[in-house]
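Working through the structure, step by step
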Amino acid sequence: MGIPARRGGGGVVGVVAVGADTLSDRAAQMREALVKSQSITDNMVSILGSFDHRLSALETAMRPTQLRTHAIRRAHENIDKTLKAAEVILSQFDLSRQAEAKILKGPHEDLESYLQAIDQLRNNIQFFSNNKSFKSSDGVLNHTNNLLAKAISKLEEEFKQLLLSYSKPVEPERLFECLPNSMRPSESPGDSSGKIPSSHSHHDHQHNTSESSVYTTPALIPPRILPLLHDLALQMVQAGNQLQLQKIYRDIRSVVLEESLRKLGVEKLSKDDVQKMQWEVLEAKIGNWIHFMRIAVKLLFAGERKVCDQIFEGFDSLMDQCFAEVTAGSVAVLLSFGDAIAKSKRSPEKLFVLLDMYEIMRELHSEIEALFRGKACTDIRDSALGLTKRLAQTAQETFGDFEEAVEKDATKTAVADGTVHPLTSYVINYVKFLFDYQSTLKQLFQEFESGDDSNSQLAAVTMRIMQALQTNLDGKSKQYRDTSLTHLFLMNNIHYMVRSVRRSEAKDLLGDDWVQRHRRVVQQHANQYKRVAWAKILQCLSVQGLTSSGGGSMASADGGNSSGVSRAIVKDRLKTFNVQFEELHQRQSQWTVPDTELRESLRLAVAEVLLPAYRSFIKRFGPLVENGKNPQKYIRYTPEDLEHMLGEFFEGKTLNEPKR
């Protein structure tokens with residue numbers, strides 16, 4: 001079993017031996033190939049080595065020639081560069097000479113060339129600053145900088161002269177032409193300046209917005225000059241002369257604006273000046289101030305803003321700064337007058353002018369904000385807003401004062417004829433005026449009180465004023481010794497209040513209920529007058545007390561010598577009637593009922609009571625007197641005579657007698 005295995009093992013050894021022989025052969029072949037290759041390589045190295053030796057020798061031989069050629073080429077390049085540099089420098093010198101010639105001529109003849117020459121000088125400075133290696137560059141820079149400084153100085157002078165030549169105060173007539181037609185002054189004969197509409201005449205502006213917006217901004221400097229001024233300003237800013245530019249602009253333009261306002265009629269008035277003025281004079285000045293404010297903001301300041309914006313275009317902060325400096329003086333003069341009024345002693349008549357002033361400040365608010373934009377104008381915006389608030393505050397305080405003054409008015413001079421008291425007509429006109437200012441007043445209420453409906457606030461204030469007036473009138477009515485005159489006085493005054501309210505916008509605010517209630521009060525006073533004034537005289541015509549026994553009514557009215565009637569008593573009654581009627585006629589013809597309708601109805605009410613009683617009395621008892629002596633002594637008047645005389649009552653006639 002072990003033999004076959006051994007056989008198998010001999011086979012494997014044989015195979016390995018054969019393989020090893022084959023490998024050995026291959027290795028020998030490879031060695032041979034390598035030897036051959038090494039030989040070839042050595043030969044090649046030897047050949048290359050000989051080449052290297054030859055090249056090295058060649059290079060050594062050529063080096064001097066190469067160096068000379070390179071040096072020549074470098075020299076050529078340097079000469080070329082130097083020539084080019086010299087050419088550039090020479091051309092700069094040439095341009096400098098041309099620029100200098102233009103600068104020496106000055107800007108007046110040809111401003112465009114002059115400005116180009118300045119640009120050229122700036123380029124030269126830039127060029128020589130970048131070419132410091134050039135020997136003379138420092139000298140050239142000094143010369144050019146000096147020349148540039150002179151050039152800018154001449155530009156400054158040119159800017160100043162140009163601005164001066166074209167800055168002239170604006171004549172009032174030219175400003176008036178820029179206003180809407182309704183706001184232009186009316187020419188009056190022999191008065192070239194014309195008369196500005198009064199402060200209240202503008203009041204339609206609340207309802208008339210279409211025309212009031214047509215304002216034409218005047219060109220304060222000819223438009224063709226503005227681009228030149230802009231170019232000059234630009235150069236000065238670039239040269240760092242901004243402060244000098246501002247000063248020139250401010251000094252020239254501010255004087256022109258102030259002079260334009262002075263020609264218009266604007267005055268510098270202090271609080272003391274205002275305090276000393278007569279009210280009529282002050283009221284006219286306030287009316288004018290309202291127009292001056294509108295003209296100043298919408299025309300003069302708007303025109304100045306246009307000028308400023310074009311000259312300093314591209315430099316916003318400088319633009320705003322110059323505008324603020326130029327207008328500050330003019331704005332201060334205008335606002336200081338408003339401030340003086342707002343801070344002056346309060347009085348009821350000032351309310352409407354305060355409201356007018358408050359109105360114009362509110363109307364101009366958005367324009368002031370737009371014109372005086374930017375940080376530089378903050379103070380101006382603040383002072384305008386401050387004045388608006390002060391006017392609102394003073395107006396509201398004046399309103400409060402008025403209500404109190406009405407209630408406490410202590411005018412001792414009672415109206416002798418019982419007519420409408422001056423206080424009543426004053427207060428009612430005041431209230432009517434308030435309704436012209438409805439929207440302004442509502443705005444006022446909103447400034448100080450939020451939440452409440454401004455309509456109901458106005459109604460409450462009006463109601464309080466009316467109540468204050470009634471309270472005061474009640475007090476005044478007690479000054480009359482004659483009670484009938486007390487009632488006539490109250491009837492007249494409350495009727496005047498009712499009639500005025502019914503005919504005005506106050507009716508919608510106070511309501512029908514107020515009107516009806518007060519009409520009843522008028523009627524009550526009329527009835528009381530009739531009762532108090534005529535009760536005594538009607539007693540004379542009464543049947544009571546005519547019988548000798550002092551009994552009641554008559555047994556017969558046939559005019560005969562009726563039983564129990566005393567002729568003496570009838571005569572006495574008629575005499576008393578005549579005296580009393582004449583006395584009433586004399587006194588009450590001097591009393592006044594100014595309203596025609598009320599006067600007629602009051603006469604009629606008296607006649608309706610008096611005439612039937614008189615007719616009846618004469619008819620019944622007249623025969624007793626007529627049959628006796630001097631009947632005309634007792635029956636002095638016919639009913640028609642009385643009716644005619646009643647027609648003379650309440651006419652306010654003055655009799656030739658000394659007044660108490």
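What counts, and where the lines are drawn
Residues numbered from 1 in each chain as written. Predicted model: local features only at pLDDT ≥ 70, side-chain atom pairs only at ≥ 80, totals over all residues. Heavy atoms only, no water. Helix = DSSP H or I, 4+ residues; strand = E, 2+ residues; numbered from the N terminus. Buried < 20%, exposed > 50% of the residue type's maximum accessible area, 1.4 Å probe, protein only. Contact = heavy atoms within 4.5 Å. Areas by Shrake-Rupley, 256 points an atom, 1.4 Å probe, with all protein chains shown as cover. Phe/Tyr/Trp six-rings, centres within 6.5 Å; stacked < 30°, edge-to-face > 60°. Salt bridge = Lys/Arg side-chain N within 4 Å of Asp/Glu carboxyl O.

**A word on the overall build of the protein**
When helices and strands are counted, the protein shows 21 helices and 2 strands. For the protein, the residues scored as buried account for 42% of the 660 residues in total. Sequence separation of 24 or more characterises 80% of the internal contacts of the protein that already satisfy a separation of 6 or more. With the model as given, the accessible surface of the protein reaches about 36400 Å², and the carbon-plus-sulfur share is 53%.

**What to know about the packing of aromatic side chains**
Tallying each qualifying case throughout the model produces 22 aromatic pairs. Pairing Trp 534 with Phe 581 gives two aromatic rings, centres 6.2 Å apart and planes at 50°, and the pair type is tilted. Of the two residues, Trp 534 is situated in helix 17 (residues 506-540) and Phe 581 in helix 18 (residues 567-588); the sequence distance between them amounts to 47 residues. Exposure class is identical for Trp 534 and Phe 581. Each is buried. A centroid spacing of 5.8 Å and a plane angle of 80° characterise the contact between Phe 649 and Phe 650, whose relative ring orientation is edge-to-face. Judged on exposure class, the residue Phe 649 and its partner Phe 650 are both buried. Members of the aromatic cluster, connected to one another through ring pairs, are Tyr 529, Trp 534, Phe 577, Phe 581, Tyr 614, Tyr 637, Phe 649 and Phe 650.

**A look at the environment of Glu 369**
Along the chain, the position of Glu 369 falls in helix 11 (residues 350-371). The spatial distance from the C-alpha of Glu 369 to the C-alpha of Leu 385 is 9.5 Å, given a sequence separation of 16 residues.

**Comments concerning the environment of Phe 617**
As for its placement among the helices and strands, Phe 617 is situated in helix 19 (residues 596-626). Note: C-alpha distance between Phe 617 and Val 570 (47 residues apart in sequence) is 9.4 Å. Setting aside its immediate chain neighbours within four residues, Phe 617 contacts Cys 540, Leu 541, Ser 542, Leu 546, Val 570, Arg 573, Leu 574 and Gly 622.

**Side note on unusual backbone geometry**
The residue Phe 650 is not glycine, and still its phi comes out positive at about 65°. Residue placement: Phe 650 occurs in the segment after helix 21 (639-646).

**Details of the pattern of salt bridges**
Two side chains carrying opposite charge are able to pair once their charged atoms lie near each other. Going through the model one piece at a time under the given rule, you end up with 26 salt bridges. A salt bridge links Arg 305 to Asp 309; the shortest N-O distance between them is 3.1 Å. Of this pair, Arg 305 and Asp 309 both sit in helix 9 (residues 279-311), separated by 4 residues, roughly a single helical turn. A salt bridge links Glu 403 to Arg 464, with the nearest nitrogen and oxygen atoms 2.9 Å apart.

Distances and angles like these do not, on their own, reveal function.
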